[in-house]
Amino acid sequence: MKKYLHKTLQSVSLCLMLAALISGCETQEIVVPEIEFFIAKEWKIDKFSINGKVMEASEMDPGDLISPYRLKLKDDFTFTQTYIDGTIGKGNWALKAGFSQLILSFTNSGDEISYLINTLEVRQLDVTLMQGIKDNQTGTWDYRYILVPIRGQ
Amino acid sequence: MKKNYLVLILIIMPLVGYSQITVGPKMGVNIASQFKSDFSVPKYGFAYGAAIDIPFGGGISVQGEFVVTQKGYREIYKGDEIFDELTATYLEIPAMAKYTITKVNWAYFAQGGVYWSYWSKGSYESSTDGEDIKSEDYEFTSEFEDGFKDVRSDFGLVGEVGVSYDNLGSGVLALGLRYSHGLVATNKLESPPADAVYNLNRVFTISLTYFIYL
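Described in the following lines is the structure provided in the data block. The structure displayed is predicted, hence computed values, not measured ones.

1. Regarding the overall build of chain A
The helix and strand inventory of chain A stands at 2 helices and 11 strands. From first element to last, N terminus to C terminus, chain A shows the α and β order α-α-β-β-β-β-β-β-β-β-β-β-β. Out of the 153 residues in chain A, the part that is buried amounts to 37%. Accessible surface, chain A as shown: approximately 9,300 Å² in total, 56% of it carbon and sulfur.

2. Comments concerning the pattern of salt bridges
Residue and element names in this part refer to chain B. Within this structure, the stated rule accounts for 15 salt bridges over all chains. A salt bridge links Glu-85 to Lys-43, with the nearest nitrogen and oxygen atoms 3.1 Å apart. Residue Glu-85 is found in strand β5 (residues 82-102), and its partner Lys-43 is found in strand β3 (residues 43-57); the two are separated by 42 residues along the sequence. Like Glu-85, the residue Lys-43 is buried in the burial classification. For the salt bridge of Arg-74 with Glu-85, the shortest nitrogen-to-oxygen distance reads 2.5 Å.

3. Brief notes about the side chain of B:Glu92
Considering the arrangement of structural elements, one finds B:Glu92 in strand β5. Beyond its immediate chain neighbours, meaning those up to four positions away, B:Glu92 contacts B:Glu65, B:Phe66, B:Val67, B:Thr69, B:Lys71, B:Tyr115, B:Trp116, B:Ser117 and B:Ser180.

4. Looking at the packing of aromatic side chains
All names here are of chain B. Evaluated as defined, the whole model comprises 14 aromatic pairs over all chains. Relative to Tyr-165, the ring of Trp-106 has its centre 4.7 Å away and its plane inclined at 50°; by these criteria the two rings are tilted. Taken together, the residues span a long stretch of sequence, with Trp-106 in strand β6 (residues 106-127) and Tyr-165 in strand β9 (residues 153-165) at a distance of 59 residues. What makes Tyr-165 partly exposed here is its relative accessible area of 24%. Ring plane angle 90° and centroid distance 4.9 Å describe the contact between Trp-119 and Phe-140, whose orientation is recorded as edge-to-face. Here Trp-119 is found in strand β6, whereas its partner Phe-140 is found in the loop between β7 (133-137) and β8 (148-150), with 21 residues between them in sequence. Following the ring pairs from residue to residue traces out a cluster consisting of Tyr-90, Trp-119, Tyr-124, Tyr-138 and Phe-140. A cation sits over an aromatic face here: Lys-149 above Phe-144, 5.0 Å from the ring centre.

5. Describing a nonpolar patch on the surface
Residues and elements named next belong to chain B. The grouping of Phe-66, Leu-91, Ile-93, Val-114, Trp-116, Tyr-118, Phe-155, Leu-157 and Leu-183 at the surface amounts to a nonpolar patch, some 780 Å² of accessible area in total. At the level of secondary structure, the elements contributing two or more residues to the nonpolar patch comprise β5, β6 and β9. Broken down by element, the nonpolar patch gets its largest block of residues, 3 residues, from β6. Positionally, Leu-183 belongs in the loop between β10 (171-182) and β11 (187-189). Judged by relative accessible area, Leu-183 falls into the partly exposed class, the value being 47%.

6. Focus on unusual backbone geometry
Residue and element names in this part refer to chain A. Positive phi, normally seen in glycine, also occurs at Asn-51, with a value near 50°. On the secondary structure map, Asn-51 appears in the loop between β1 (42-50) and β2 (53-56). Residue classification places Asn-51 among the partly exposed residues on the basis of a relative accessible area of 44%. With a phi angle near 65°, Phe-77 is a residue other than glycine that sits in the positive phi range.

What counts and what doesn't
- Residues numbered from 1 in each chain as written.
- Chains lettered and ligands numbered in written order.
- Predicted model: local features only at pLDDT ≥ 70, side-chain atom pairs only at ≥ 80, totals over all residues.
- Heavy atoms only, no water.
- Helix = DSSP H or I, 4+ residues; strand = E, 2+ residues; numbered from the N terminus.
- Buried < 20%, exposed > 50% of the residue type's maximum accessible area, 1.4 Å probe, protein only.
- Areas by Shrake-Rupley, 256 points an atom, 1.4 Å probe, with all protein chains shown as cover.
- Salt bridge = Lys/Arg side-chain N within 4 Å of Asp/Glu carboxyl O.
- Contact = heavy atoms within 4.5 Å.
- Phe/Tyr/Trp six-rings, centres within 6.5 Å; stacked < 30°, edge-to-face > 60°.
- Lys NZ or Arg CZ within 6 Å of the ring centre and 35° of its normal.
- Patch = residues over 30% accessible without salt bridge, like charges linked within 9 Å, V, L, I, M, F, W, Y side chains within 5 Å.

Shape descriptors only; they carry no functional weight alone.
As structure tokens, this is what we get:
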């Protein structure tokens, strides 16, 4: 019985060690068609700036609007945008101009909003609204958003 | 109360007396994961600490440890240049029942038990081009924030097989292959969707322990 146990333990040890070494040496290369790896997430606003003046989400009062904002970019290239007032817009998203622009096309209204992607990292999406909002008195306002993903996705 | 302790000691002492207690440092390499995705690959880390082995005779002993161990995950995209990695450092206490078959100079052992661990520190490392590598501290969320919070205590099962060599003078060198299977998710979601992903620690460890006789 002891001899049998000894043999079994010896064999199991060797097999497991060999399996671990083989799996450890393996380099896995995964090819996927698009960059959903980075961008197909649910994002919230961490900071935003208007004409270069930065405002952080943590500095604002709850009533100061940006904390409810969500942009959910799904890997089937549809999106759901929850505005600061709680209303929801839906449509399709795309990356254009060599992945340098994020385009949101709204299904209901037919509107299209383009953002210039300043930087795209695993946990940060930095974009500038391309059609700056015009004001008759102050001229064009530049809106820049730094988005971070909602955790637990 | 004192009487109870005395009785316990009197019961245990003759069992322990068959062989000697050994203690020693240990170090090893971890191959960890927390979830499966299209991008996930093994995440490598280190483990180090100390172990104690208390024999009860007949090849049976109890092994306890205190280790600092790196778990977490790694995801890669199109090769290894674009990646995202979480290194989660845990303080871990495994307790295992061990069975050893002793031969001349060599012994073979198998052990199984449980572990409790505490997630003490976390750090992210990621890159989108393979050159600019971004490091960030992991910020723990103890209360629900955006429907998410971290769970820093882990509990799980552990099993190990290995071989030891005792012809080294004052000690015994043990080589082991261990698998730890976490039972507690490292994250909790307030309103989990149907496709919610829960991170559970899964770790293979290859380690060396040098046991010294007390």
